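# Overview (structure and organization)
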Amino acid sequence: MSQATQLKAQRRDEGGKGVARKLRAEGRVPAVIYGADQEPASLSIDAHEARQLFERISVENTIVSLEIEGEKEAVDTLVREVQVHPFKSSLVHVDFYRIQRGVAVHVQVPLHFEGTPVGVRLSGGMLEQHVHDLDVRCIPSAIPDHLVVDVSKLDIGDALHVSDVTAPAGVEIQTEADRTLCIVVLPKGAESAAAEGEGAAEPEVTGAKPKES
């Protein structure tokens, strides 16, 4: 289960590109908080603190408790979007979604594939991963850090689907049940060789046909 982590923030009354540029020049990042039927509020956060935080947490499903300057109580949030500069890799803007205890939210939870498939270990196959995370619905306190998928029993041609994932109690998987998570296949070269071997014609028997008496 993801634990809440703290991040300090300040309210800002002005908006616009000029204000945003000024904030970034001061080492801060423009941000907004919305949700829970409340009006969106403009904030700013320290760029260095935010960067360090986002590097060590799972951004999609970790509860971030915003300690807003001048307010008595921290606000529990989820990070909905992090905009990064395309060239400088610096933070440009962050969207926070306000959550309420006991009220279910939709989040994306990463998949962890465990084990070595038997088809990889014994037959030279390879595991193709088609999905890296799942959409789930649960209350904030029940958000899992990840969902485990055991692939050790998969042989060549075997696949796992969303329906094969067991979610913890209180967590509802929203991704389509028939969606393929992973499959074990032969490398392309091996597939071609196998196909050629199966399609090869049986050797033709030559020789004179015996005469009928």
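Please read these numbers as outputs of a predicted model, since none were measured by experiment.

Right, let's talk about the sheet that holds strand β8 (residues 126-129) for a bit. Within the open sheet, the three strands sit side by side as β8-β13-β11. Their pairing is antiparallel. Only two strands of the sheet have a single partner each, and these edge strands are β8 and β11 (159-161). Pairwise comparison of adjacent strand axes, ignoring direction, gives a mean angle of 10° for this sheet. Pairing geometry for β11 and strand β13 (residues 180-185), over three bridges, is antiparallel. Residue pairing across strands places L160 opposite C182, the latter belonging to β13.

For helix α2 (residues 47-56), the complete set of buried residues consists of A47, A50, L53 and F54. Projected down its long axis, α2 shows its buried positions confined to an angular sector of 130°, all on one face. The outward face of α2, more than 90 degrees from its buried face, is lined by the exposed residues E55 and R56. Those residues of α2 that are buried lie in contact with β1 (5-11), β2 (28-35), β3 (38-46), β4 (63-68), β5 (75-84) and β6 (91-98). Where α2 begins, the side chain of D46 points an oxygen toward the backbone nitrogen of H48, at a separation of 3.1 Å.

Quick look at a negative patch on the surface now. Together, E60, D133, D135, E176 and D178 make up a region of like negative charge exposed at the surface. Along the polypeptide, D178 turns up in the loop between β12 (172-173) and β13. Owing to a relative accessible area of 64%, D178 belongs among the exposed residues under this scheme.

Analysis parameters
Residues numbered from 1 in each chain as written. Predicted model: local features only at pLDDT ≥ 70, side-chain atom pairs only at ≥ 80, totals over all residues. Heavy atoms only, no water. Pairing = 2+ DSSP bridges. Helix = DSSP H or I, 4+ residues; strand = E, 2+ residues; numbered from the N terminus. Axes fitted to C-alpha atoms, helices over the stretch in contact; angles between N-to-C directions. Buried < 20%, exposed > 50% of the residue type's maximum accessible area, 1.4 Å probe, protein only. Arc of directions from axis to C-beta. Contact = heavy atoms within 4.5 Å. Polar contact = N/O pair within 3.5 Å; in protein donor to acceptor, adjacent residues only side chain to side chain. Patch = residues over 30% accessible without salt bridge, like charges linked within 9 Å, V, L, I, M, F, W, Y side chains within 5 Å. Areas by Shrake-Rupley, 256 points an atom, 1.4 Å probe, with all protein chains shown as cover. Salt bridge = Lys/Arg side-chain N within 4 Å of Asp/Glu carboxyl O. Lys, Arg positive; Asp, Glu negative; His and termini not counted. Charge placed at Lys NZ, Arg CZ, Asp CG, Glu CD.

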